[in-house]
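Here's the letter readout for the chains.
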Amino acid sequence: MAAALTVLLIGCLLQTALCGQFKTIIPKTIEVLSGSCVTIPCFFDVVDTYNSHLDGTCRALWKSDQTVVFDSSNPQSSTIQGELKGDLTRKDCTTTLNNMRPEHSKEYYLRLECDHLRHNLLDHKLHISVTDVPPTPTLTPSTLKVEEGTSVSLKCSAPAPCLSHPPALTWSFSLGHIQESLQENQDRTKVQTSVLTFTASRLHHGKEISCTAIYNKQDGSSQSNSTRSAPFMTFMPRTIEVLSGSCVTIPCSFGVEDTYKSKVDETYLPPTPTLTPSTLKVEEGTSVSLKCSAPAPCLSHPPALTWSFSLGHIQESLQENQDRTKVQTSVLTFTASRLHHGKEISCTAVYNKQDGSTQSVSTSLTADISWSAQFKTFMPQTIEVLSGSCVTIPCSFGVEDKYKSKVDETCKAMWKSDQTVVFDSSNPQTRGHLTGNLRNRDCTTTLNNMRPENSKNYFFRLECERVRYNFFQTQLHILVKDVPPTPTLTPSTLKVEEGTSVSLKCSAPAPCLSHPPALTWTSSLGHIQESLQENQDRTKVQTSVLTFTAYHLHHRLEISCTAVFNKQDGSSQSVSTSLTADISYPPKNTTVSVRPSGPVPENSRVTLTCSSTANPAVRSYTWYRADGGREDKMGTGNVLDITASEVSATFFCKAENDLGAGRSNTRQIEVQYSPKHTTVSVSPSGPIPEDTDVTLTCSSAANPAVKNYTWYRADGGQETLIGTGHVININASKVSGPFFCKAENVLGAGRSNISEIDVQYSPKHTTVTVSPSGPVPEDTDVTLTCSSAANPAVKNYTWYRADRSQETVMGNGHVLNIKASRDSGLFFCEAENAIGSGRSNISQIDVHFAPQILSSYDCIQTADQLNCSCETVGNPPPALQWYLDGLPVNHSDRFSISSEPLNVSGLSSIITVSQPQQRDLSTLLCNSSNSLGSTTQRCFVYSLKPHGPEQYLGPYSGLLLLAVAVVSLCVNVLLTIYVVFLCKARKIVKPKEEDRTYMSLERRDLSPEYDVIGQTPK
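Because the structure is predicted, anything quoted here is derived from the model rather than measured.

Draft legend 1. The overall build of the protein chain, seen in detail. Within the protein chain one finds five helices and 79 strands. Here the protein chain holds 1018 residues, and the buried ones make up 41% of them. A fraction of 64% describes how many contacts in the protein chain between residues 6 or more apart in sequence connect residues 24 or more apart.

Rendered as C-alpha cells:
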C-alpha cells in the first residue's frame, strides 16, 4: 500500500496536470467469486484548496447509480457490509466489500463526505462482476517442450480479489521446489502466484501437470478450478531403440476430455492383488508368511501395498516375471495365535496415477487358527524397554481341554520372577494392569515404570477357583535400559537417480503401547505415513514411511529419523539414525564466472570459469559463442582464457556427465573501449538540391557511452570545426565540402570516414583556358578548353563569338580547336546540365603579328603647312617614326607630331610641317616597327583639287586683287591674260612621279584585313 502511495505521489510531481483535481485511481473491472469478498484498491485526489479539509470527519461512500451500498461510518448497516482499509486523510480509499452476490454485479463510484467537503468522484467507475464459477488459473508457459536436463519454471497465477481469503494453489505433481507469492498488477489488484521449479527428466514425459486454484468463501465453503486437462491424446516416444532379447519400458500416458474422466475411473480398474497362499489354516504357534503381489507396469509409480493388520514383519520388493514385466510384492511374516482366529487379513494395492490421483483395490482371506489342548504360553522371549517407561507383554495361553471350562471370571493373572509375584491382576496397583481377557486365553499385561533393577526373567501364573498353574515352560526376559533403542532405516543406504520415487521406512520398538515412540524426519521431503505394526512375536513396532521423488537438491542431504520415547513421568528421551542421500543427476546450476569481474579494458585477458553441480562429476566442459541463432564452439575445459574485445558477443558453457548436460545462462563481458565504427548518416540521403536543410547524425559503438560528438570540415589538410552534438542540421551548398565527425568517451576518440553530401547545382565558375597560353603567332593552331563545376556533370558545352551585341556560335564541345588570327575577336563558352547553365567571362586570344601601315594614309597641303597622317596596326603594338632625308623627325617648332592609339593594337600619327614650300618633302617617310618586324611608307604630297587663286599665286594674290580693285578694267584684261598663261603652263609643266601622292582608303566589309597603302596608281 505504501509503495502504491509513493507511486501516486511521484506521479503527481512528474505530472502536475493529473494532480490537484478531483480524481480517483481505481481498476476498471474486478471479477469476484460469489460468496467471497472483494478488496478495491483505491486512491483519490482533490483540488489543492481542499487538502486541508481532509480530516477525521471524512467518510467513504460507495454508490451504484444514486444508491449508497457502503458507508464507512456505519459499515455493518450498509447494503453491502465491509470495511474501509485505507486512510482518507492520506487519500487512500481502499475498501473491502464482503459476501458479494451475483446481484452485486454493477458499476460503483466513490463519494467523499467530510464536514467541509462533499464530492462525487465520477471520473472513474469500477465494474464488479460477481460469478458463480471461480476464474481459471493461468499456466505460464502454456506448453512445455524442453530437453531432458533443462531447468523448468512453471508459473501458476490466479486472481486474488479477496485479500483475506486468497486462493490456494496446488500442483498435481510435486516435481520440485514451489515458491508462492502474492503479486500486484498494474491496476493494483492482486494475483496469487505459485512457481514450480524442477529439472525436466524423461520420467516427466507425457505427464499432465495441472494447477488447481481453491477459493475459500467467507461462509467456510470452497470452490476450485484447474487448468483445462488435455483432450484424448497419448504421450509416448515415437521411437525406442532396444537390445534384442531385452525388455522395453514404454513411457506412455493419455488424456481424455473432462466429460469422460469419471468413466475412465469407473471402467478401467487396477488389477486385483494376489495373496499367496490364498487360504490360511494353521495351528497356533506356526510361523506364517503371506505374500501379496500386484503388477507394476509403471516403474516410476509402482503400487503401494498395505496390510489391514500389522501382524508381524513386512518385507517389500520389486520382482521380475519370466516375461520380464515387474511385480510389486509384500511379504507379511508372523506367528499364528489363537487371537488371529477368524480375523480377515487383507492386502490393498494403491496405484498412483500420473495426474496425481490414486485408485486402490484389495484382496483378503480369513485366518483359521487351531491350537492344542495343553498348558502352554505364547509370548516373546525378550523385550527391551526404556527405564521409566512401561512394557506391554503380548501373551496368550492354552490349557488342557478338561480345564477349559474352569477358566472363568474368577481367574486372575500373576507374573512372577523366580518365586516372587511382581504383578497380580486382582490388585492392579501393584505396578500395572491386565489388558487381555483371560477367558479368551489372552494374558496380555502392561507393567508400569520399569527400572533397571527390573531386568529379570518372568513367567505367567494363572489362578482361578478351580485351576492354578505356573507356566514355567516359557519365560520372558525383560531388559530395562537407560538408553532408548536406535530406530532402523530401511533401506540403510540411498543411491538412486533423480526422478526416482523413494520410500524410506523408519522403525522403532514400541514396548509401551500407551506411550509409543514419536518418529520425526529432519527433512519433510514428501508424504509421511505412520503406523503401528506387529512383529512375529507380537511385539509392536512404530513405523514411519517417507515417500518422495529424488531431486538433485537432495544429494548429500543427511536424512535422519528421530524416535522420541515419552516416559511415564512426563520426561522423554530421543535417539536418531540417519543416512546420506546419494542422488545421481545431470549437471545442474551451471554458471559462468568472469575474472576480473566488472568492466574490463579492451584486449585484456579474461578468465572464464564454468561451474556446475552434478553426480557423477562433470566429465567435460564446452564453451560456445551465441551469435544470433548460431552457436559456435569457443573451446573446452573448466577454465577458458580469452581476450576481451568489443565483439566478444554473448557466450555460455555446457557441462556434461554420464546422465546428461546442463547449460549456463548466456553471459556477456562488459568490455570498455574507445569509440569504434564511427559512422555518419545523412538525411535526406542521396542527391539533394543546393541550399536544402540536411540533418547529419554521428553514430559510434563505445563503452562507456560517447560523451562528446564534434563535427569538422576537411578543407585539404585543414580541419575546421562546424558544430557539436550527436545530430546537427546544416544547409547543403556546393561548398559544404567533405566532412567527418569525432566521437569521444573517457577512453579515447574515434573518427568517421570523410563524407560528402551529394549537392546538385547548375554549372558554376565556368572558365576558359587557351593552349598554348600567352601570346601566339598568327595562324597558329589554338586549343580552347571550357571548364565548369557542376553536379550532375555538364552535359553540353557551346562556344560563342561576341560581336558587340551579337553572339555567334563558334562550335560545341568541351574542347575547341581554331586558327589564331588578328581578328579572332572576343569569345566565351556556356556549360549546361540538367539543372541549368553557366557562362564564362569573355576572353580574347593574344595574337602577335608584324606591323602593317593602313591604307588610310593622307597628306593635305595648304599655303602655309602640310598635314600628313599615318595609321598602323601590329601586335605587340608597333611604334611609329617619321623620317625626312633619312633622318628621324621629332616634334619641334617646325614639325608638329601627334599620336593616338588606334583600337587595341594600332597607332595613328599626324605630322604637320610649317612653310612646306621652303623645304623638300619628297623624302618624308612613315616607319612602323615592333618585335616581329617593321614597314615603311613614303609620303606623296599631291593636291587633289584647287580651292582658290591663292593656291596658285602664292603671296602676291592679295596685291593682285588689290590692283584689280584699283584698276578694274586693266585688271580684267591682265587677269584674263594671266589665267590663260597659267592654264597653259599647267599643261606643260608636270610633276615628277616621286613627288606625287595617291591617297585612297577602302574598308572591306567582308574581310577583317586592312588594305595597305598602294604604290603608284595606274
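Draft legend 2. Here's a closer look at the sheet that holds strand S23 (residues 304–307). Pairing within the open sheet is mixed, and its four strands lie in the order S21-S27-S26-S23. Every other strand in the sheet has two partners, leaving strand S21 (280–283) and S23 as the edge strands with one partner each. Averaged over all pairs of adjacent strands, the angle between strand axes in this sheet comes to 25°, irrespective of strand direction.

Draft legend 3. A look at the packing of aromatic side chains. For the structure on display, the rule yields 15 aromatic pairs. Between Phe 397 and Phe 460 the ring centres are 5.6 Å apart and the planes differ by 35°, which places this aromatic pair in the tilted class. Here the residue Phe 397 occupies a position in strand S31 (residues 396–398), and Phe 460 occupies one in strand S36 (residues 457–463), the gap between them amounting to 63 residues. Like Phe 397, the residue Phe 460 is buried in the burial classification. Relative to Phe 472, the ring of Phe 459 lies with its centre 4.6 Å away and its plane at 40°, an arrangement referred to as tilted.

Draft legend 4. Region of the structure containing the environment of Ser 308. Turning to its location among the elements, Ser 308 is positioned in the loop between S23 and strand S24 (313–320). Between the C-alpha atom of Ser 308 and that of Ser 364, which follows or precedes it by 56 residues, the distance is 9.0 Å. Those residues in contact with Ser 308 that sit more than four places away from it in its chain are Glu 344, Ile 345 and Ser 346.

Draft legend 5. Region of interest: the sheet that holds strand S34 (residues 432–434). In space, the three strands of this open sheet follow the order S30-S35-S34, with antiparallel pairing throughout. Edge positions in the sheet fall to strand S30 (391–393) and S34, since each of these pairs with one other strand and no more. Adjacent strand axes in the sheet meet at a mean angle of 15° when their direction is disregarded.

Draft legend 6. Examining the state of the cysteines more closely. Scanning all chains against the criterion turns up 14 disulfides. Between the sulfur of Cys 786 and that of Cys 829 lies a disulfide, 2.0 Å long from S to S. Handedness here is read from the sign of the S-S torsion; for Cys 786 and Cys 829, about 65°, the answer is right-handed. Of this pair, Cys 786 sits in strand S64 (residues 781–791) while Cys 829 sits in strand S68 (residues 826–832); the two residues are 43 residues apart in sequence, bridging distant segments of the chain. Neither Cys 786 nor Cys 829 differs from the other in exposure class; each is buried. The side chain of Cys 870 participates in a disulfide bridge whose partner is Cys 926; the two sulfur atoms lie 1.9 Å from each other. Residues Cys 870 and Cys 926 are joined through a disulfide that is left-handed, its torsion about the S-S bond being -85°. With Cys 870 in strand S73 (residues 865–875) and Cys 926 in strand S78 (residues 925–930), this residue pair connects regions lying 56 residues apart in the sequence. We note that Cys 870, like Cys 926, is buried. Sulfur of Cys 939: no disulfide; nearest cysteine sulfur belongs to Cys 859 and is 4.3 Å away.

Draft legend 7. Spatial organisation of the environment of Phe 378. Within the element layout of this structure, Phe 378 appears in strand S28 (residues 376–378). In this structure, Phe 378 is in contact with Glu 284, Gly 285, Arg 338, Pro 394, Cys 395, Ser 396 and Arg 538, ignoring residues within four places of it in sequence.

Draft legend 8. Seen up close, the pairing of S24. The sheet contact formed by S24 and strand S25 (residues 326–335) spans eight bridges and is antiparallel. Each bridged residue has a counterpart across the sheet, and for Glu 316 the counterpart in S25 is Ser 330. Hairpin remark: S24 followed by S25, antiparallel, with five residues in the connecting loop; positive phi at Arg 324, about 70°.

Draft legend 9. Main features of unusual backbone geometry. Between Thr 276 and the following residue, Pro 277, the backbone shows a cis peptide bond with an omega angle of -5°. Checked against the element boundaries, Pro 277 lands in the loop between strand S20 (274–276) and S21. A cis geometry characterises the amide bond from Thr 490 onward to Pro 491, with omega recorded as -5°. On the secondary structure map, Pro 491 appears in the loop between strand S38 (488–490) and strand S39 (494–497). Of note in this structure, Asn 99 is not a glycine but carries a positive phi near 50°.

Draft legend 10. Seen up close, the side chain of His 104. Within the element layout of this structure, His 104 appears in the loop between strand S8 (95–97) and strand S9 (107–113). Residues contacting His 104, with those up to four places away along its chain left out, are Ile 80, Asn 99, Ile 128 and Val 130.

Draft legend 11. Expanded view of the pattern of salt bridges. Counted by the stated rule, this structure contains 23 salt bridges. Across the pair Asp 401 and Lys 404 runs a salt bridge, and its minimum N-O distance is 3.1 Å. By relative accessible area, Lys 404 is classed as partly exposed at 30%. Of the charged contacts in the structure, one is a salt bridge between Glu 631 and Arg 663, with a shortest N-O distance of 2.8 Å. Separated by 32 residues along the polypeptide, Glu 631 in strand S49 (residues 630–636) and Arg 663 in strand S52 (residues 660–663) bring together distant segments of the chain. Relative accessible area serves as the criterion here: at 46%, Arg 663 is assigned to the partly exposed category. Via salt bridges that share partners, Arg 59, Asp 71, Arg 111 and Glu 113 belong to a single interconnected network.

Draft legend 12. Spotlight on the environment of Asn 566. Mapped onto the elements, Asn 566 comes out in strand S44 (residues 558–566). Distance from Asn 566 to His 515, taken between C-alpha atoms, is 6.1 Å for residues 51 residues apart in sequence. The contact partners of Asn 566, leaving out residues within four places of it in the chain, are Ser 389, His 515, Ser 571 and Ser 572.

Draft legend 13. Just the side chain of Glu 498, in detail. Relative to the assigned elements, Glu 498 resides in the loop between S39 and strand S40 (501–509). Accessibility expressed as a relative area gives 12% for Glu 498, which makes it buried. Here His 552 takes part through its backbone nitrogen, which lies 3.0 Å from a polar atom of the side chain of Glu 498. The residues contacting Glu 498, other than those within four sequence positions of it, are Thr 199, Leu 203, Ala 550, Tyr 551, His 552, Ile 583, Ser 584, Tyr 585, Pro 586 and Lys 588.

Scoring rules and cut-offs
- Residues numbered from 1 in each chain as written.
- Predicted model: local features only at pLDDT ≥ 70, side-chain atom pairs only at ≥ 80, totals over all residues.
- Heavy atoms only, no water.
- Helix = DSSP H or I, 4+ residues; strand = E, 2+ residues; numbered from the N terminus.
- Buried < 20%, exposed > 50% of the residue type's maximum accessible area, 1.4 Å probe, protein only.
- Contact = heavy atoms within 4.5 Å.
- Pairing = 2+ DSSP bridges.
- Axes fitted to C-alpha atoms, helices over the stretch in contact; angles between N-to-C directions.
- Phe/Tyr/Trp six-rings, centres within 6.5 Å; stacked < 30°, edge-to-face > 60°.
- Disulfide = S-S within 2.5 Å.
- Salt bridge = Lys/Arg side-chain N within 4 Å of Asp/Glu carboxyl O.
- Polar contact = N/O pair within 3.5 Å; in protein donor to acceptor, adjacent residues only side chain to side chain.

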